Amino acid sequence: MSERDLLMIPGPVEFDPEVMRALGAKTASHVSPEFIAVFGRALQRLREVCLAPSAQPFVVAGSGTWAMEMAVANLVEPGERALVVNTGYFSDRMATLLERYGAEVVQARATPGEVPDLTEVERLLAGGRFKLMTVTHVDTSTGVLTPAETLVRAAHRHGVLSVVDGVCATAGETFHQDAWGADVYLTASQKALGVPPGLALLSVSRRALDSWRARRTPVRSLYADFAEWLPIMEAYEAGRAAYFATPPVNLVYALDVSLGQLLREGMEARFARHRLMARAFRAAWRALGLRTLPVSESVAAHTLSALYFPEGVDAAWVGKVREQGVVLAGGLHPQLKARYFRVGHMNVVSPGDVLATVGAIERALAVAGHRFAPDSAVAAAQAALLPPG
Ligand SMILES: *Cc1c(COP(=O)(O)O)cnc(C)c1O
């Protein structure tokens, strides 16, 4: 990949140059006053990004899968029941994790591209004696956006803890953790949060921490245990150093820079920008006659698009788009893998990126012999990006 290629996959994504520079800074001691100040500020900023001043943030070295595993390892005990609202590959992974930690798992499923029936979820919550419910805010394998607010509020009403996987959503899709009453909002650095891969992040409600404190059995994994990490997070936020396992110092620098940028943009403005970029892409997909995997716009993510290949084009065509300077992703859902491709549009994504990506897709479709009115998709995207009036 050339340095000028545009990385438009659902993570890792394009990162701001100031964030990248933080990775190359001199590494300080993890107990130095300089690092304590940066880590403490990053934790406070994470509270603001999750709109969860009352929750406890955790930032640990690991990928998004590790954030999922930390939530499960701390909140589930063998024999407890868990409800998985399943919208694809990453919901399947959550179910696997829950089973690995001894939970009895019930799944509310949907055909790929749809959201499970909400009245069915409500019925299960009412009668299922569940300890927790998991929701994948945006399932990156299907591009489906779940109605997180409705689901989280329903769980709360039924006294069930809610765990929301925001790995492909946090800082891109609207989420108000405190106001909605979500118990765990978990994410990773490399998607809409705008930091290279390597950080697992969780924002955990008081209610979830109380539930963890009331466990009858110890947490099986030492590296996952809130008992090890909570004193560390509390110490750094209070301006003191503490040691359990060495923090990824430079990734924390980069996180602090990126979260500072996000908050300067403002969370509501940021959510609105992601919606606008998604609208522009959707206008282009319609102009090209490309069918999205989500069955309707109301269940489609604003952080990525999942699109069926048009007639006569297969997975090798993604390489043709790369030759046009834009890197896209192939399919991921086990049932549909070879039939669709994905375009990530999160973090610093701009109108210029949208037009460059749509242009590259148009050219690569033309190379593959696909017929459409030239420039129709670029024009449609541009029309959606023009200021109103
Ligand atoms: C990417 C992703 C994950 C996994 O994150 P890794 O960093 O690859 O471990 C989990 N859930 C969702 C929704 C994702 O998009």
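Just so it is clear, the structure is predicted and the values come from calculations on it, not from any experiment.

A.B. asks: Sorry if this is basic, but what is going on with the site of the ligand here?
C.D. replies: The ligand sits among 13 residues. The nearest are S63, T65, T140, D165 and K191. The contact in question runs from an oxygen atom of the ligand to an N or O atom on the side chain of T65, over 2.6 Å. One of the side-chain nitrogen or oxygen atoms of Q190 is found 2.8 Å away from an oxygen atom of the ligand. With 3 residues, the top contributor of residues to the shell around the ligand is helix α3 (residues 64–75). Residues belonging to the shell around the ligand are distributed by class as follows: 5 nonpolar, 6 polar and 2 charged.

A.B. asks: Quick question: what am I supposed to make of the domain arrangement of the protein here?
C.D. replies: The figure often quoted for interface size is the accessible area lost as the parts come together. Partitioning the protein into structural domains gives domain 1 (6–10 + 267–385) and domain 2 (17–265). With centres defined by C-alpha atoms, the gap from domain 1 to domain 2 works out at 28 Å. Domain 1 puts 28 residues into the contact, and the matching count from domain 2 is 32 residues. Both sides of the domain 1 and domain 2 interface together cover about 2500 Å² of buried area, and 60% of this is carbon and sulfur. Three residues, M267, R270 and F271, lead the burial of domain 1 against domain 2; their summed loss comes to 24% of the area buried on that side. For R270, the salt bridge goes to E265, with nearest N and O atoms at 3.1 Å. At the surface where domain 1 touches domain 2, the tally comes to 14 residue pairs in polar contact (both at pLDDT 80 or more). Of all the secondary-structure elements, those providing two or more residues to the side of domain 1 that touches domain 2 are α11 (267–288), β11 (304–308) and β14 (340–344). Broken down by element, the side of domain 1 that touches domain 2 gets its largest block of residues, 8 residues, from α11.

A.B. asks: I would appreciate a short explanation of the pattern of salt bridges in the present structure.
C.D. replies: Note that side chains of opposite charge can pair when their charged atoms are close. Taken as a whole and assessed by the stated rule, the structure comprises 16 salt bridges. Ionic pairing is found between D183 and R207, a salt bridge with its closest N-O pair at 2.6 Å. A residue pair is termed long-range when its members are at least 10 positions apart, and D183 in the loop between α7 (177–180) and β9 (184–188) and R207 in helix α8 (residues 206–213) qualify at 24 residues. For R207, a relative accessible area of 28% translates into the label partly exposed. As a salt-bridge pair, D210 and R213 come within 3.3 Å of each other at their nearest N and O atoms. Taken together, the positions of D210 and R213, both in helix α8 and 3 residues apart, correspond to about one turn of that helix. According to the relative accessible area criterion, D210 is partly exposed, its value standing at 47%.

A.B. asks: What is the right way to look at the packing of α3 against helix α4 (residues 89–100) in this model?
C.D. replies: Relative orientation and spacing of two packed helices are given, respectively, by the angle between their axes and the distance between those axes. The interhelical angle for the contact between α3 and α4, taken along N-to-C directions, is 40°, at an axis separation of 10 Å. When the axis of α3 is compared with that of α4, the two are oblique. Crossing hand, α3 versus α4: right-handed. Across the interface between the two elements, T65, M68, E69 and V72 from α3 touch F90, R93, M94, L97 and L98 from α4. Residue composition of the contact of α3 with α4, grouped by class: 6 nonpolar, 1 polar and 2 charged.

A.B. asks: Just to check I follow, could you spell out the nonpolar core for this structure?
C.D. replies: Buried together is how nonpolar side chains tend to be arranged in soluble globular proteins. Counting 101 residues, the largest nonpolar core has F58, L98, M133, V184, L186, L202 and L255 as the members making the most contacts within it. Looking at this core element by element, the count peaks at 9 residues for helix α10 (residues 249–265). If you count residues domain by domain, this core takes at least three from each of domain 1 (6–10 + 267–385) and domain 2 (17–265). Apart from residues lying up to four places away in sequence, V184 is in contact with A71, L75, S162, V163, V164, Q177, L202, S203, V204 and A208. Listed in part, the 29 residues of the second largest apolar core include L290, F309, V321 and L385.

A.B. asks: Whenever I open this one, α4 confuses me. Can you help?
C.D. replies: In an α-helix, one full turn covers 3.6 residues, which means residues spaced three or four apart are oriented alike. The end-to-end C-alpha distance of α4, which contains 12 residues, comes to 17 Å, matching closely the 16 Å that a straight helix rising 1.5 Å per residue would cover. Of the positions making up α4, those classed as buried are F90, S91, M94, A95, L97 and L98. Along the axis of α4, the buried positions cluster into a sector of 160°, meaning they face one direction only. One or two steps after α4, the chain reaches G102, where phi turns positive at roughly 90°.

How each quantity is defined
- Residues numbered from 1 in each chain as written.
- Predicted model: local features only at pLDDT ≥ 70, side-chain atom pairs only at ≥ 80, totals over all residues.
- Heavy atoms only, no water.
- Near = heavy atom within 4 Å.
- Polar contact = N/O pair within 3.5 Å; in protein donor to acceptor, adjacent residues only side chain to side chain.
- Helix = DSSP H or I, 4+ residues; strand = E, 2+ residues; numbered from the N terminus.
- Nonpolar A, V, L, I, M, F, W, Y, C, P; charged D, E, K, R; others polar.
- Domains from an automatic or database assignment.
- Contact = heavy atoms within 4.5 Å.
- Buried area = accessible area lost by both parts, 1.4 Å probe.
- Salt bridge = Lys/Arg side-chain N within 4 Å of Asp/Glu carboxyl O.
- Buried < 20%, exposed > 50% of the residue type's maximum accessible area, 1.4 Å probe, protein only.
- Axes fitted to C-alpha atoms, helices over the stretch in contact; angles between N-to-C directions.
- Parallel < 35°, antiparallel > 145°, perpendicular 65-115°, else oblique.
- Left-handed = near helix turned anticlockwise from the far one by under 90°.
- Core = buried A, V, L, I, M, F, W, Y, C linked by side-chain atoms within 4.5 Å.
- Expected span 1.5 Å × (residues − 1).
- Arc of directions from axis to C-beta.

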